[in-house]
Every structure is written in structure tokens, then in C-alpha cells.
Amino acid sequence: MHDEVQTEEIIEDIFQKGKVCFIPKYQKKSHHMDMVKLTAASEIHALPLTSWNIPQPSEEEHREEALDTGGLDLILMPGLGFDKHGNRLGRGKGYYDTYLGRCMNHPKGKPYTIAVAFKEQICDAIPVADNDIQVDEILYEFK
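Below you will find a few notes about this structure. (Residues numbered from 1 in each chain as written. Predicted model: local features only at pLDDT ≥ 70, side-chain atom pairs only at ≥ 80, totals over all residues. Heavy atoms only, no water.)

Re the packing of aromatic side chains
Here the structure, examined in full by the defined rule, presents one aromatic pair. Aromatic side chains Tyr26 and Tyr95 sit 4.7 Å apart centroid to centroid with 65° between the ring planes, which places their arrangement in the edge-to-face category. You can see Tyr26 sitting in strand 1 (residues 21-26) and its partner Tyr95 sitting in helix 2 (residues 95-104), a full 69 residues away along the chain. Comparing Tyr26 with Tyr95 shows no difference in burial state: the two are buried. (Phe/Tyr/Trp six-rings, centres within 6.5 Å; stacked < 30°, edge-to-face > 60°. Helix = DSSP H or I, 4+ residues; strand = E, 2+ residues; numbered from the N terminus. Buried < 20%, exposed > 50% of the residue type's maximum accessible area, 1.4 Å probe, protein only.)

In C-alpha cells, the structure reads:
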């Protein structure tokens, strides 16, 4: 079982609905992340994998970055754990919190954030730091 919800079907649905899709591109030796444009749903399967098994364009490949154009409306937030207050436990590098900080300085502002989680990832409380940004909504299957 994966430790994060897989989003390939969501990406396919985005393209079927004629929407624009951006995916994260991490820089290995820093805490910098960009959201770069994906041109087709099928492209996700051809991208190289990071050490976390996340498909992303190579560092040498240049793509349109969301904040260089119109910004973002929505970000699906990954994480290892979440609480019902919107706190999120990531992998400790601060990529998403730093990126959301950049979004807040963009004219469009912070996009709506949704965490997609397994019910086992929902906790009573997640430890947070001052720079952690809460997610707006958490979706998980409840049985």
C-alpha cells in the first residue's frame, strides 16, 4: 500500500474536463518547489521518478510555472498525516508551505488546498510549527 493517495486518475479527469494541470517539481538540494505545467495526462507515466517515487520533469527541463502566469485555483496537498483542524504532516522539507507562501505574494493569492488522504492518515493532532500552513479541506473515505 502507498503511504499517500495516488492521483493519476484525478489527473486524467482534469484533462478530460479540459482543465489545466500543474504538478510539483522539487529542486533536490534546496527547499524550492515549482508547480509546472503538465501537457497531457499520459505524460505523467513517462516522467522520471524522484527518490520519493514522484513523477516530475528532470531538473534540466524547463516548463511553464504556475506563478509566472495566472497562479493556481487549487492544490491537492500530499502528506503523511492530517488532523481535523487542517494541520498536515509532510516529509519535513517545507516544500508546500514555502510554495504556498509564494502564492500569497502572487496577485491571485493562496489557492484553495485539499488534502486527499486515507482514513488511517487522520490523527487527533498533528504537531505544527509557526511556518506550517493549514489545508482548507481534507477528503478521506470514512466507513
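Some points on helix 2
For helix 2, every residue scored as buried is listed here: Tyr95, Tyr96, Asp97, Tyr99, Leu100 and Cys103. Looking at the buried residues of helix 2, the elements they touch are strand 1, strand 2 (33-38), strand 3 (74-77), strand 5 (88-89) and strand 6 (112-117). (Contact = heavy atoms within 4.5 Å.)

Focus on the nonpolar core
If you look at the biggest cluster of nonpolar residues, it comprises 22 residues, and the most contacted ones within it are Met35, Ile75, Tyr96 and Tyr99. Looking at this core, the element that brings in the most residues is helix 2, giving five residues. The residues contacting Tyr96, other than those within four sequence positions of it, are Pro24, Tyr26, Met33, Met35, Ile75, Leu76, Met77, Pro78 and Arg88. (Core = buried A, V, L, I, M, F, W, Y, C linked by side-chain atoms within 4.5 Å.)

Notes on the side chain of Asp34
Among the secondary structure elements, Asp34 is positioned in strand 2. For Asp34, a relative accessible area of 16% corresponds to the buried category. Here His32 takes part through its side chain, which lies 3.0 Å from a polar atom of the side chain of Asp34. Excluding anything up to four places from it in sequence, Asp34 contacts Ile23, Pro24, Lys25, Gln27, Glu65, Tyr99 and Arg102. (Polar contact = N/O pair within 3.5 Å; in protein donor to acceptor, adjacent residues only side chain to side chain.)

Concerning the environment of Gln16
Topologically, Gln16 is positioned in helix 1 (residues 8-16). Taking the relative accessible area as the measure of exposure, Gln16 reaches 66% and is therefore exposed. Between the C-alpha atoms of Gln16 and Ala41, which are 25 residues apart in sequence, the distance is 8.8 Å.

By themselves, these are just geometric observations and shouldn't be taken as functional.
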